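Tertiary structure, described
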Amino acid sequence: MRLQRILGLVAALGVITCICAFHTTAAVIIPLEVLGHVNIEQLPTITAQSPSSLIAFPFDESFPMTCEAKGNPEPEFRWMKNGQEFDPFLDPRLMKEENSGTFVIPNNGNLTEYQGTYRCYASNKLGTAISKEIEFIVPHVPKFPKETLDPVVVEEGQPFTLKCDPPKGIPPLQIYWMTISLQHIEQDERVSMGLNGDLYFSHAVEKDSRRDYCCFAAFPRIRTIVQKNAMSVIVQTSTSNAILQRRPSLLTPSSARSETQLVKEEDLKLECIAEGFPTPQVEWVKVGHRLPIKAKLENHGKLLIVPRVEQEDSGKYMCKAKNALGEAVHYFTVTIEEPPEWVSEPESQLSMIGSDVLIKCSASGTPQPTITWRVNGVPLQANRKVLGDTILLRNAKASDSAVYQCEASNRHRTLLSNANIMIMNLPPMILTKEGEDYSAVEGKGVMMHCKVFSSPPSTVTWYVYDSSESVEGPRFAVHDNGSLEIYSVEKGDTGQYTCLAKNTEGSSAIDTMLYVKDPTRIVVPPEHLQILIGTTAQLSCLAEYDESFKNDIELLWEKDDMEIVSERKVHTESVLLAVNGINMTYTFLGDILHHELRLVSLRNIQAQSRGLRRFLRSWWLDKQSFEFIIEYEESQWEPGNWKELLRVPGNHNSAVLKLHGNVDYCFRVSGVNSVGRGPSSEPTERYKPPAAAPDKNPENIKIEGHLAHEMDINWEPLLPIEHNGPGLEYKVSYRRQDLEEDWQEHMVKRHSFVVKNTPTFVPYEIKIQAKNNQGWGPDPKIVTGYSGEDFPSAAPDDVAVEVMNSSVVKVSWTRVHKDKLHGHLGGYRINWWRLRSLVDSKKSHGDKHTLTIPGDRNHAAVPGLTPFSEYSLIVMTFNGRGNGPGSHPVNFKTPEGVPEKNPVFRVTDVQKHTVSLVWAPPLEPNGILTGYLLEYQLINDTEEVGPLQTVDISNPDTTKWTLRDLEPVSKYKLYLRSCTTVGCGLVVSEECTTTLETSRAAGLWKISEALNTSKNFHIIDGLEPGAEYTVRLINSRVDNSSIFEDVISTGSTGISTQGWFIGLMCAIALLTLIVLIACFVNRNKGGKYSVKEKEDLHPDVESQGMNDDTFCEYSDNDEKPLKGSQHSLSREIKAGDSGDSLVDYGDEDVQFNEDGSFIGEYAGRKEKRVSAEIKATVQTPA
């Protein structure tokens, strides 16, 4: 009744309305208050899972594979291991938990069989959520090989290296060189250990001879230390007792250049270990830049470490080893890559039916991450519309509710996000309690809540209950979450308010009460006091408050944010506080207001002039100030704007200022201490230093080349105050760096200059000097830049392809010479496209794919290829201007792989002991099909399942099979996989239950082979006369949906096949023959016989009979091709046998005539499977 009364008032009252969008939060979490009123189904959500890497340390008792999820109904769990189904309940050694996806691997046996990559799937009838991939790693015990090591014999003064070659194991790896007695081998500038664990000697000395050099490898995470056999070193001393000096050379790295790639936030470690005598010293530089500030040197300068690298740490580094006889250098090219990071992570949504839903997913990283979409754990189907990085669900239906997964991955990491998309309609449910009371102080604001959950969003309306006073005006606002906010409440706002929520599914309302209180305020606040140290301060405070707070009011005093505690609390309106020895700031609080006392004093400030461009400021020292601030104001460019010029310690009373020429200054001084800043002094008289030459040159010079034969020079101009006088100009000087030529000079007033007719991409030296009417600025610094880039003019040579596996190849090439780059090398690009499948000899140019390889590399891996296919690729280089020419195309073939899933696998007939199956070959066999692997097992509703039975079908042309000797009234799980010589592909499954009794064959669907969509008819033979059939055309590739269905009837047997009719016709023929003979005899006798009259009296019975029965006549009706068919639906239709074959034709839309027959049009070479189903209802002729 109350709701009806509310609805009746809405039309009469002025109201505030808001569309409540509470349910469009970032995650679809149904509030508990809602679940208490109605049972709402929810998609599954993964709530707990194991880390991405789970290492089976030998000292751990067990290893939990965690997978927990929530949803309504409760989710069911399943696991995949290495892409195959994995059921923990089939392994009695694993420990399982009920109503949970978690299982525990005990450490009580061989764990190697459990090693692999796992993924958990949590499903209910609404959808499926998936976990990230979990790699279970079983480490092996690292061991050095058992070997006999020959002694290392070296002449004194010569370099040598002791190899460690530590075994592989779980990182981190720590290497130590020690003696048999566990004494560390001393390391210094001559002897050092490299990053690979080898021990390097710059030159041998006699004390290096020993027999117990031992390399120890420690693996802390598995608590293991292993030792290599001891090594002996024999140093042969020279007869001259003198070591010959020699110039340095590098022991490691061995080549002149090397490339290093690492991930952002990792530590960069570069080492150079040299040999020579005297022992070389190692220096490090970053080419063209300074070494990073955070860089540090270790191992006696041989190891450069840059911790937690960023993109700016990439570039070219050089190490230089030198002694008195020479030097040796090595260049490192360092590239920093980044794992994927979410730019836009997909969010869960609750949307109403019929709305448009956008699901956005994008990530950044180096290389650029690959985005993969899944729906309920299954790769996204073609019928889902993807716009760039967004899935669009237009006019969403309840069936679109699902868990959408987005996976962003590159070679460094994979990110996975599950987004629960719920499409549903719900009436409003107000989650705020009925009858809430709110209190507000007059003049302040108040927020009254009305939290609504609904779909679609509700319209929320607030009004004063049972009153004609409208809730409207500038003081009232209804927020998006349904709450009503009243600004600066008044006494008249007291009363009862009603919140009404309404959408297309229904409405709901609650009442709430607002009470407005008198404010608590201090009417007589404490006054600011200035007193002498050691005297008494008396502060008074008088407050007023609402009568309802009479028993709750309390006045508090604070000093320096600390409450002043007296012997007892004083509940009075007037309080007197006496404090001795005030020497700092005081704060006094009276409920909601506060007052401060500040003691700040600055005394007598003086000014005087000294020099042309230096200014002396002096003042009296204030012991309370820690430092002084000198500010200036100039009258030409920013009059009235005071700027800080200098800070002076508090124990100084004067300062010398550095000023710009030709500027009209005035100054002021203020003091600042820990309390705050004091007032400023009065400004001084104006002072204008004379004009002078510029004392600085432009900075941040940028050299760019937008065109091939131009060079753009830009710089930051001097600020007006930095001109130091009128007539400011810039002298731009430039010359080629690689030639000995004079400087080219130009005077300009702007802050940019373009050099025309430059050679393509050559280095230039540039300097810019400021000048005004008083003279030149200081000597400018020289910067280096390049003229404009042009497109590369050469393609990579010697392009070669090495097949790694069925979907990955390695491409290598010879780098393009730097003279042909005509710019800064950006990297290389590989373009490839699929020519054909090796199963089909006909070629079809596929879509072009591109892989970009940044930097100076000569090889790359191309992933994602289709097995058993022929491809073509080209390689090109690129710079800042664009791509160069492509190389000569290289064709290659990928080997066979395992087939895709079978697109069709269905049960066509179920009997008491038999089940008939039919399937379609895989769309991508990825090789030559060798047959099929059919498996089945009993899965009645018990804890145990029956043994897995296998049927090996070796004929690849077989597409149907009948399983026999099955148990009656039993549920079976059927599995099918297609196979090549490489192996069998992904499994597709079906379930069925055998019947109690064997039924007749009538009414069962029969399925033809795949049809050719380029033909508009198909002949079906083997039909029974006088029967009615249902003909259905289905699209087996997408969703087995019917695209055409019709009911036809075959003709009856007809009287022409009946025995009595044949006998009658024979008698008529014999009688006709007798009459003709009699006529002939009569004619020969001269008698007259009128044949025409005879024919009129005796018409041709046979002709008449043929006219009466016309069922055999040919008609060009579209349904008639079903008659007289010469091909059985159960046999394979081959391209050479009939013109209606669909082999090798395109995936085009199917058009229909008015009677329902279809016309297929050829327009491409995409593969599409179409099947026809025929359901027959046999009618027994009467």
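What counts, and at which threshold
Residues numbered from 1 in each chain as written. Predicted model: local features only at pLDDT ≥ 70, side-chain atom pairs only at ≥ 80, totals over all residues. Heavy atoms only, no water. Helix = DSSP H or I, 4+ residues; strand = E, 2+ residues; numbered from the N terminus. Buried < 20%, exposed > 50% of the residue type's maximum accessible area, 1.4 Å probe, protein only. Areas by Shrake-Rupley, 256 points an atom, 1.4 Å probe, with all protein chains shown as cover. Polar contact = N/O pair within 3.5 Å; in protein donor to acceptor, adjacent residues only side chain to side chain. pLDDT = per-residue confidence, 0-100. Contact = heavy atoms within 4.5 Å. Pairing = 2+ DSSP bridges. Axes fitted to C-alpha atoms, helices over the stretch in contact; angles between N-to-C directions. Expected span 1.5 Å × (residues − 1). Salt bridge = Lys/Arg side-chain N within 4 Å of Asp/Glu carboxyl O. Disulfide = S-S within 2.5 Å. Phe/Tyr/Trp six-rings, centres within 6.5 Å; stacked < 30°, edge-to-face > 60°. Core = buried A, V, L, I, M, F, W, Y, C linked by side-chain atoms within 4.5 Å. Patch = residues over 30% accessible without salt bridge, like charges linked within 9 Å, V, L, I, M, F, W, Y side chains within 5 Å.

Turning next to the overall build of the protein. Of the regular secondary structure elements, the protein holds 6 helices and 88 strands. Per-residue burial over the protein gives 41% buried out of 1182 residues. Approximately 65500 Å² of the protein is accessible, and the part contributed by carbon and sulfur atoms is 50%.

A separate point is the environment of Tyr114. Residue position: Tyr114 is located in the loop between strand S9 (103-106) and strand S10 (116-124). In the structure, Tyr114 is positioned 24 residues away from Val138 in sequence and 8.2 Å away in space, judged by C-alpha atoms. Here Asp91 takes part through its side chain, which lies 2.6 Å from a polar atom of the side chain of Tyr114. Here Arg93 takes part through its side chain, which lies 3.2 Å from a polar atom of the side chain of Tyr114.

On to the confidence of the model for the protein, then. Across the protein, the average pLDDT comes to 79, with 78% of residues at 70 or higher. Mean pLDDT across the elements of the protein bottoms out in strand S55 (residues 605-609) (32) and peaks in strand S70 (residues 809-814) (95). Taken as a whole, residues 1-27 scores under 50 in pLDDT and shows 75 contacts with residues more than four places along the chain or in a different chain. Low pLDDT (under 50) marks residues 567-625, which in the prediction has 169 contacts with non-local residues, meaning those over four places away or in another chain.

Right, let's talk about the sheet that holds strand S78 (residues 931-938) for a bit. An order of S79-S78-S81-S82 is seen for the 4 strands of this open sheet, with the pairing classed as antiparallel. Unpaired on one side and paired on the other, strand S79 (949-953) and strand S82 (988-993) mark the two borders of the sheet. Sheet twist, expressed as the average angle between the axes of neighbouring strands with direction ignored, equals 20°. One ladder, built from 8 bridges, connects S78 with strand S81 (residues 971-979); its direction is antiparallel. By the bridge assignment for S81, Gln937 is matched with Lys973.

Another aspect to go through is the pairing of strand S36 (residues 390-393). Because side chains alternate across S36, one face comprises the buried residues Thr390 and Leu392, and the other comprises Ile391 and Leu393, equally buried. Of the strand pairs in this sheet, strand S31 (residues 357-360) and S36 are connected by 4 bridges, and their pairing is antiparallel. Bridging from a neighbouring strand, Leu358 pairs with Leu392 of S36. Here strand S35 (residues 385-387) runs beside S36; their pairing, made up of 3 bridges, is antiparallel. Across the sheet, residue Lys385 finds its bridge partner in S36, namely Leu392.

As a further point, take helix H4 (residues 1059-1084). Across its 26 residues, H4 extends 38 Å between first and last C-alpha, which sits within 8% of the 38 Å expected from 1.5 Å per residue. Listed as buried for H4 are Phe1061, Met1065 and Cys1079.

Once their charged atoms are close, side chains differing in charge can pair, the charge on each being opposite to the other. This model, assessed by the stated rule, comprises 42 salt bridges. One salt bridge connects Glu407 with Arg119, and the closest N-O pair in it is separated by 2.7 Å. Placement of Glu407 in strand S37 (residues 402-410) and of Arg119 in strand S10 is noted, with a sequence separation of 288 residues between them. Arg119 carries the same exposure label as Glu407, and that label is buried. Ionic pairing is found between Asp198 and Lys163, a salt bridge with its closest N-O pair at 3.3 Å. One end of the pair, Asp198, is in the loop between strand S16 (191-193) and strand S17 (199-201); the other, Lys163, is in the loop between strand S14 (160-162) and strand S15 (174-178), with 35 residues separating them in the sequence.

As a further point, take the sheet that holds strand S74 (residues 869-879). Across the sheet, which stays open at both edges, the 4 strands sit in the order S72-S71-S74-S75 with antiparallel pairing between neighbours. Both outer strands of the open sheet, strand S72 (849-854) and strand S75 (890-893), are each paired with one neighbouring strand and no more. Strand-to-strand twist across the sheet, computed as the mean angle between neighbouring axes with direction ignored, equals 25°. Note that strand S71 (residues 825-837) and S74 share 11 bridges and pair antiparallel. Bridging from a neighbouring strand, Arg834 pairs with Tyr871 of S74.

A complete count under the given rule lists 6 disulfides for this structure. Two residues share a disulfide in this structure: Cys272 and Cys319, whose sulfurs sit 1.8 Å from each other. Between Cys272 and Cys319, the disulfide has an S-S torsion of -75° and is therefore left-handed. With Cys272 in the loop between strand S23 (268-271) and strand S24 (273-277) and Cys319 in strand S28 (residues 315-323), this pair connects stretches of sequence that are 47 residues apart.

With respect to the helices, strands and loops of the structure, Leu90 is situated in the loop between strand S7 (84-86) and strand S8 (95-96). Accessibility expressed as a relative area gives 61% for Leu90, which makes it exposed. Counting along the chain gives 854 residues from Leu90 to Glu944, while the straight-line C-alpha distance between them is 8.7 Å.

With that out of the way, let us pick up the environment of Ala274. You can see Ala274 is positioned in strand S24. Distance from Ala274 to Ser254, taken between C-alpha atoms, is 9.9 Å for residues 20 residues apart in sequence. Sequence-distant contacts of Ala274, defined by excluding residues within four places in its chain, comprise Ser202, Ser249, Leu250, Leu251, Pro280 and Ala321.

What follows deals with the packing of aromatic side chains. On inspection of all chains with the given rule, the structure shows 20 aromatic pairs. On the basis of an interplanar angle of 15° and a centroid distance of 4.5 Å, the ring pair of Phe761 and Tyr786 is categorised as stacked. Pair noted here: Phe761 is in the loop between strand S65 (752-756) and strand S66 (763-772) and Tyr786 is in strand S68 (residues 783-786), with a separation of 25 residues, a long-range link. Relative accessible area serves as the criterion here: at 18%, Phe761 is assigned to the buried category. For Tyr786, a relative accessible area of 34% translates into the label partly exposed. Three or more aromatic residues link up through ring pairs in this structure, and these residues are Trp79, Phe86, Phe103 and Tyr118.

One finds Met65, Trp79, Phe103, Ile105, Tyr118 and Phe136 to be the most contacted residues of the largest nonpolar core, which totals 32 residues. Listed by contribution, the elements that provide at least two residues to this core are strand S2 (42-49), strand S4 (62-65), strand S5 (67-72), S9, S10, strand S12 (134-137) and strand S39 (426-430). A per-element tally of this core places S10 first, with 3 residues.

The peptide bond linking Phe277 to Pro278 adopts the cis configuration, its omega dihedral lying at 0°. Here Pro278 lies in the loop between S24 and strand S25 (281-286). Put simply, Ser455 and Pro456 share a cis peptide bond, and its omega is 0°. Within the secondary structure, Pro456 is located in the loop between strand S42 (452-455) and strand S43 (458-464). With phi around 50°, Ser488 is a residue other than glycine that occupies positive phi space. By secondary structure assignment, the location of Ser488 is in the loop between strand S45 (484-486) and strand S46 (495-503). Residue classification places Ser488 among the partly exposed positions, given a relative accessible area of 40%.

We now examine a nonpolar patch on the surface. Side chains of Leu1070, Leu1073, Ile1074, Ile1077, Phe1080 and Val1081 sit close together on the surface and give an oily, nonpolar patch of about 580 Å² of accessible area. Its place among the elements puts Val1081 in helix H4. For Val1081, a relative accessible area of 39% puts it in the partly exposed group.

Turning to the side chain of Ser100, a few remarks are in order. Mapping Ser100 onto the fold places it in the loop between S8 and S9. Excluding its chain neighbours within four sequence positions, the residues that come into contact with Ser100 are Cys67, Glu68 and Phe77.

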